[in-house]
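Commentary on secondary and tertiary structure
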Amino acid sequence: MRDMTLADLNGSPGEEYTLTYSDGSSRKIFVADREVPFPEGKLIVSRTDPAGIITHMNQAFVEMSGFSEDELIGTPHHILRHPDMPSVAFKDLWDTISKGVKWHGYVKNLRKDGAYYWVYATVVPNIRGGKVVGYTSVRRKPSRRKVEEMSALYKTM
Ligand SMILES: Cc1cc2nc3c(=O)[nH]c(=O)nc-3n(C[C@H](O)[C@H](O)[C@H](O)COP(=O)(O)O)c2cc1C
C-alpha cells in the first residue's frame, strides 16, 4: 500500500499522519476535514478473506472510497482506516467476527482523497463446513444523530 501524497488531496488542506496497522506495516496519510455524505438509497458492500484482505466489492464501494477496483482487490481492508477511529472498535470487530458472530458498528472511513465518510456497518462471517472462510460487510447510511454521538464517543476512547 503506497503512502498518500499531497496530490491525492486534490487541493484540500490536509493534516499529515503516519498510521501503523496491526500487521506491523505503516503508511503516511493526509486527512482533510471534509465529509462526503453517504449516497442515498445505496448499500456499500465488500468481502474479505479470513485475514481481512479485500476480495470483492460493489460499485458504490469503489465510488465512495475513491480507489479503483484494481487498487482495492488484494489489499488489506485497513486501507480505509481513519486516524479518528479508536483501535478498540476494530479489536471488538475482530474478536466478534472471528468467533463466527455478526458485528454492527459505526465507522468513519478515510477516502483516497483524504476526505471521510461515516457508515453503519454490519459485518457477517461467511461460514462453510463450520469454518470461517471470509467476511462480508454491508454498510448503510447512518443517522446524523448517531454520527454525532459516535464521533463524540470515539474522541474519548
Ligand atoms: C469485512 C470487513 C470489512 C471491514 N471494513 C472496514 C472499513 O470499512 N474501514 C475500516 O477502517 N476497517 C474495516 N475493517 C477492519 C480492518 O480489517 C482493520 O481491522 C481496521 O481498519 C484497523 O486496522 P488495523 O487492525 O490493521 O490496525 C473491516 C474488516 C472486515 C473483516
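What this report covers is the structure whose coordinates are included nearby. Note that the structure is predicted; figures quoted are calculated from it, not measured.

1. Side note on the overall build of the protein
On a plain count of helices and strands, the protein comes out with four helices and seven strands. Written out in order from the N terminus, the α and β elements of the protein read β-β-β-β-α-α-α-β-β-β-α. At 15 Å, the protein has a C-alpha radius of gyration in line with the 15 Å of a compact globule built from 157 residues. Principal-axis analysis of the C-alpha atoms places the extent of the protein at approximately 50 × 35 × 30 Å.

2. Quick word on the site of the ligand
Lining the immediate surroundings of the ligand are 17 residues, of which S22, H78, R81, W94 and N109 lie closest. In the environment of the ligand, an oxygen atom lies 2.9 Å from a nitrogen or oxygen atom belonging to the side chain of S22. H77 is positioned such that a nitrogen or oxygen atom in its side chain is 3.3 Å from a nitrogen atom of the ligand. Contributing elements (two or more residues each) for the shell around the ligand: α3 (87–97), β5 (103–110) and β7 (131–140).

3. Some thoughts on the sheet that holds β7
Strand order in the open sheet made by the five strands is β4-β3-β7-β6-β5, with antiparallel pairing throughout. Because the sheet does not close on itself, it has two edges, and the strands there are β4 (54–57) and β5. Strand-to-strand twist of the sheet, defined as the mean angle between neighbouring strand axes without regard to direction, takes the value 30°. Where strand β3 (residues 44–48) and β4 come together, three bridges link them in antiparallel fashion. Bridge pairing in β4 places R47 opposite H56. Of the strands in this sheet, β5 and β6 (116–128) are in contact with helix α4 (residues 144–155), which crosses β6 at around 85°.

4. Topic: the nonpolar core
Residues I44, L72 and W118 are the most contacted members of the largest nonpolar core, which totals 31 residues. If you list the elements that add at least two residues to this core, you get β4, α1 (59–65), α3, β5, β6 and α4. For this core, the element with the most residues is β6, which contributes six residues. The residues touching I44, leaving out its near neighbours within four places in the chain, are F38, P39, N58, A60, F61, M64, Y117, S137, V138 and R139. The next biggest cluster of nonpolar side chains, apart from the first, holds nine residues, and it includes L19, F30, A32 and L110.

Conventions we followed
The numbering scheme is per chain: residues are counted from 1 as the chain's sequence reads. Selection of residues for local features in this predicted model requires a pLDDT of at least 70, selection of side-chain atom pairs for listing and counting requires 80 or more, and totals for whole chains, interfaces and linings are taken over all residues. Only hydrogens and water are set aside; all other atoms, that is, all heavy atoms of the structure, feed into the side-chain values. Numbering of helices and strands runs from the N terminus; a helix is a DSSP stretch of H or I covering at least four residues, while a strand is a stretch of E covering at least two. The quantity called the radius of gyration is restricted to C-alpha atoms. Its globule counterpart is 2.2 Å times the number of residues to the power 0.38. One heavy atom within 4 Å of a molecule or strand makes the whole residue count as near it. Counted as a polar contact is a pair of N or O atoms within 3.5 Å, where, for protein atoms, one must be capable of donating a hydrogen and the other of accepting one, and residues adjacent in sequence contribute only when both atoms are in side chains. If DSSP finds at least two bridges between two strands, the strands pair. Helix axes are fitted to C-alpha atoms over the stretch in contact, other axes to C-alpha atoms as well, and angles between N-to-C directions run from 0 to 180 degrees. Should any heavy atoms of two residues lie within 4.5 Å, those residues are considered in contact. Here the nonpolar core consists of buried residues drawn from Ala, Val, Leu, Ile, Met, Phe, Trp, Tyr and Cys, with membership extended through side-chain atoms lying within 4.5 Å. Burial classes follow relative accessibility: with a 1.4 Å probe on protein chains only, a residue under 20% of its type's maximum area counts as buried, one over 50% as exposed, and anything between as partly exposed.

Functional significance is not addressed by these values, which are geometric in nature.
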